[in-house]
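# Remarks on the overall topology
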Amino acid sequence: MDIITLENVSYYYKTYDDEGAAAQASGVEGINLTIREGAFVALVGHNGSGKSTLAKLLNGLLVPNSGTVTVCGLDTADKKNIFEIRKNVGMVFQNPDNQMVASIVEEDVAFGPENLGVPQPEIVERVYSALEQVGMTEYAKRSPHKLSGGQKQRIAIAGALAIRPKVIVFDESTAMLDPQGRREVLSVARELNKQGMTVILITHFMEEVYGCDEVVVMSGGHIVKIGKPSEIFADERLLEAVGLDAPRSVALAAKLKSVGFDVTENCIDARTLGVEVCRNLTK
Amino acid sequence: MSKSDKVVIPQAVADGAAAIVADKLNFTYNPKSPFSKQALKDVTLTVNRGEFVAIVGHTGSGKTTFVQHLNALIRVQNGGLFVLDYNLSAKKVDLKTLRGRVGMVFQYPEYQLFADTVLDDVCFGLKNFGVTDKEKREQLAQNALELVGMDFDKVKNKSPFDLSGGEKRRVALAGVLAMEPQILVMDEPTAGLDPRGKREILSLVSSINRHKGVTVVMVSHDMNEVYENADRIIVFREGEVAYDTTPRQLFKKEDEIISMNLEIPHMAKFCNELERQGYVIPDDCKTVEQVFDAVLALKGGVGNA
Amino acid sequence: MLKDVTFGQYYPADSFIHRMDARVKLLLCLLFMVGIFFVTSFAGFAFITVFLITLIASSRIPLRSILKSVKGIIVLLLLTVILNIFFTKTGTLLCKWWIFEIYDGGLYFAAKMFLRLTYLVVGSSVLTLTTTPVDLTHAIESLLKPLKVIKVPVHEIALIMSLTLSLIPGLIDETDRIIRAQKARGANFDTGGLVKRVKAFVPILIPLLVGGFRRAEELANAMNSRCYEGSNKRTQMRIMKLSWRDFVATFIALLFFVTVFVVYGMQSKWATADVGWLYINGVNWLYF
């Protein structure tokens, strides 16, 4: 079942030139995309490719200038639907420090359910089950300020989960983290997807894309390709054109294959690739 | 005569071979309080002039504390530290000339932009460091902006806030490069950039290092970029220097690296596997292209492996 | 350097006072602050001293932390004492030098104002040292709730306080970082005349402001995404419950204040003089 559908969606930002005259800068243009319930979709592109604009269109933070965005059968352009849409689409943003509304972890996570008017005993239950899902229960009474970037993002994820959404969008949530923080966030995202959550991961780290069901490549406000990670990795020319890099081992595997080596394509693990190359060399 | 004047100047500093010499450098945050935390423990290392050194380590390992010592943003508490010909353990240090010669690029440097125009922002440091001649300032600013790949005439009168994220970062970098520092210290200069932005910054830093002879000290979390760009990697662990060696040698210690919560670069992992199986990979093979060529060479002479 | 600033100065410990309901603590603290103006005799101050010592002892706060907050107003204290000594012209003249005259009334008022101010700070710091800023925010929201009837945006006020609290540590970090970055570019904040020094802060203020807007926008997006739409039908996770401690404390406190008022009643003559003096002197009212 499709949970999110975008039909011919365009969104323009208003900009002003030096004389103060209004102009339109394109955010995204002519986007057609459907996202299946339960899917793990990666949205990749360089900075300024429109991927974050697209993310904000998914829960009505932005409303398209033309075209329609439908979430769980609801049109985001209809103001009456906004609350219901945001209940279904949780969002985690880029900067872990700018999403905290409270100075105690559990109260921050409770913010969503409090807004929804959930009865008090249920808020507690939701907060603690959300914290458990991201493995942060022991930090419930702490101040988020002293936590690592990865831990703060996990709190932000718990905050989204406490609303009990069907979809969770990671809007470059790993961009400001160190490798360990990135691993933490990604493993939570994968785990959530396994439990049936629809996950939309927006990123420019191609390594994070590995294992996704589908990759949407954006450039210049357009979708330039949709495919499985293997198809995207294999398309070296496309990646080059949109300013992205395949993981180095994948790039090496592709190069070796092109000169006749018998190696697995899209080998993300360099050691496996090494083993395969050795086998080729001793042949 | 103050105590610090008696410090013996290390030979490497005296003959101008070393850019940075740290000798048993210690630093404790909030000393003598219940919150005291030792950030550096007996850090001893040397960075030679013209070298490209990467400093890596887990968050909280002390690497940022160390690099902030290099232009006296953090003053030496205990131990010896020489940067160029400045003795930073001395009581009095000529901060103005030191900071002009040791350029420091912080994490997300675009967040420090403030002036009305790009030109003014780049000139800020020059003004502070005493370049009084306006024309001279503008010339230096132009050189720096062109060095970072910006079209000077196009951007000089623009507001820095109207630029894209990657451009802002390059302008911020130009603000430091304009002073023509001899040492460039950078704290995660590529954080938050997309792959193309990363490549641009790294190739810029490499070329400044190679062609202008600027000593580069770069803190980074990205092991792949460190592996491919640095001459030497210094690993900090809990305030101490855990390893200080070349990239290839360092990442041969796979288990130790993983135990420090760091990643192994793809190409290092690949080469390690080949070497484990008895193949010889030249030490300077670090990028995908270099490794690819090395494998082709191996295939040519498989019998000898 | 900026990191040394601890906000709210909450001192974590487990004591009777720590466990009290923040609302009760806040109300009693206000009562104490009002009450202290009714204390006019030195016997009264002796009584309050005993009360405060008992309070501090039962809160398990080290005396050092309390003295630190008194140190914060040391300039104000000295000023008050000096102004009172030299500008009060009641009672008998004790000594005279050039245009300065010291009366015994001046010494008397100076001592009283000194004690009053000090005790005000001590009393309120017991509150802030034993109550987290978060609890205080909740207490204020809860106590202001009745004002909703007259359309005071109580929830919004509380939310602003809570957001401010959660943003402050990040803001301090950011200020610190910007200062360091500009210092690395040769900025100098320590020398030069006033104009020069004020100008030196522009490179800090502008990035902070720009960063503030960026933060505000991201925060607004984050809040909207979590279904924020004002106070309608909002519920709260935290329930504040009164316990036996609160009743015991209230009882003791009321007993205390009744005593203070009784003593005050007996010395009302002095008090009128005192209040009158506040208006005449025209200096000290500024502080209250």
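The structure under discussion appears in the preceding block.
Source: prediction; values computed, not measured.

## Points about the interface of chain B and chain A
- Taken together, the contacts link 34 residues of chain B with 38 residues of chain A.
- For the pair chain B and chain A, the summed buried surface comes to about 3300 Å²; carbon and sulfur atoms form 58% of the total.
- If you sort the residues of chain B by the area they bury against chain A, His266(B), Phe270(B) and Phe292(B) come out on top, with a joint share of 18%.
- Where chain B meets chain A, there are six salt bridges.
- Between Arg271(A) and Glu254(B) there is a salt bridge whose closest N-O contact spans 2.1 Å.
- On the surface where chain B and chain A come into contact, there are 13 residue pairs in polar contact (both at pLDDT 80 or more).

## Topic: the pairing of strand S9 (residues 232-237) of chain B
All names here are of chain B.
- Within S9, five of the six residues are buried, which leaves it mostly tucked inside the rest of the structure.
- Alignment of strand S3 (residues 52-57) against S9, held across five bridges, turns out to be parallel. Residue pairing for S9: Gly57 is matched across the bridge by Phe236.
- Where S9 meets strand S10 (residues 240-245), five bridges bridge the pair, whose relative direction is antiparallel. Opposite Arg237, over in S10, you have Glu240 as the bridge partner.
- Linking S9 to S10, which pair antiparallel, is a turn of two residues; within it Glu238 sits at a positive phi near 45 degrees.

## Some remarks on helix H8 (residues 195-212) of chain B
Residue and element names in this part refer to chain B.
- With 18 residues, H8 should cover 26 Å at 1.5 Å per step; its first-to-last C-alpha distance of 25 Å lies within 8% of that length.
- The inward-facing, buried residues of H8 contact S3, helix H5 (134-147), helix H7 (165-177), strand S7 (183-187), strand S8 (215-219) and helix H9 (223-229).
- At the C-terminal side of H8, Gly213 shows a positive phi close to 70 degrees.

## Brief notes about the nonpolar core
- If you look at the biggest cluster of nonpolar residues, it comprises 78 residues, and the most contacted ones within it are Leu252(A), Val277(A), Ile233(B), Phe270(B) and Leu274(B).
- Apart from the residues within four sequence positions on either side, Leu252(A) is in contact with Leu273(A), Met267(B), Phe270(B), Val288(B), Val291(B) and Phe292(B).
- Core analysis: the second largest hydrophobic core is formed by 54 residues, Val44(A), Ile157(A), Phe170(A) and Leu201(A) among them.

## Focus on the interface of chain C and chain A
- Contacts between the two partners involve 29 residues from chain C, matched on the other side by 37 residues from chain A.
- The contact between chain C and chain A buries some 3000 Å² in all, and 56% of this surface belongs to carbon and sulfur atoms.
- Among the residues of chain C in contact with chain A, Arg226(C), Cys227(C) and Met237(C) are the three that bury the most area, contributing 30% of the side total.
- The partner of Asp108(A) in a salt bridge is Arg226(C), and the shortest N-O contact between them spans 3.5 Å.
- Connecting chain C to chain A are 16 residue pairs in polar contact (both at pLDDT 80 or more).
- Counting residues per element, the ones that place at least two in the side of chain C that touches chain A are helix H7 (133-144), helix H8 (154-184) and helix H10 (202-225) of chain C.
- Grouping the constituent residues of the side of chain C that touches chain A by class yields 12 nonpolar, nine polar and eight charged.

Quick notes on the rules
- Residues numbered from 1 in each chain as written.
- Chains lettered and ligands numbered in written order.
- Predicted model: local features only at pLDDT ≥ 70, side-chain atom pairs only at ≥ 80, totals over all residues.
- Heavy atoms only, no water.
- Contact = heavy atoms within 4.5 Å.
- Buried area = accessible area lost by both parts, 1.4 Å probe.
- Salt bridge = Lys/Arg side-chain N within 4 Å of Asp/Glu carboxyl O.
- Polar contact = N/O pair within 3.5 Å; in protein donor to acceptor, adjacent residues only side chain to side chain.
- Buried < 20%, exposed > 50% of the residue type's maximum accessible area, 1.4 Å probe, protein only.
- Helix = DSSP H or I, 4+ residues; strand = E, 2+ residues; numbered from the N terminus.
- Pairing = 2+ DSSP bridges.
- Expected span 1.5 Å × (residues − 1).
- Core = buried A, V, L, I, M, F, W, Y, C linked by side-chain atoms within 4.5 Å.
- Nonpolar A, V, L, I, M, F, W, Y, C, P; charged D, E, K, R; others polar.

Keep in mind these values describe shape, not function.
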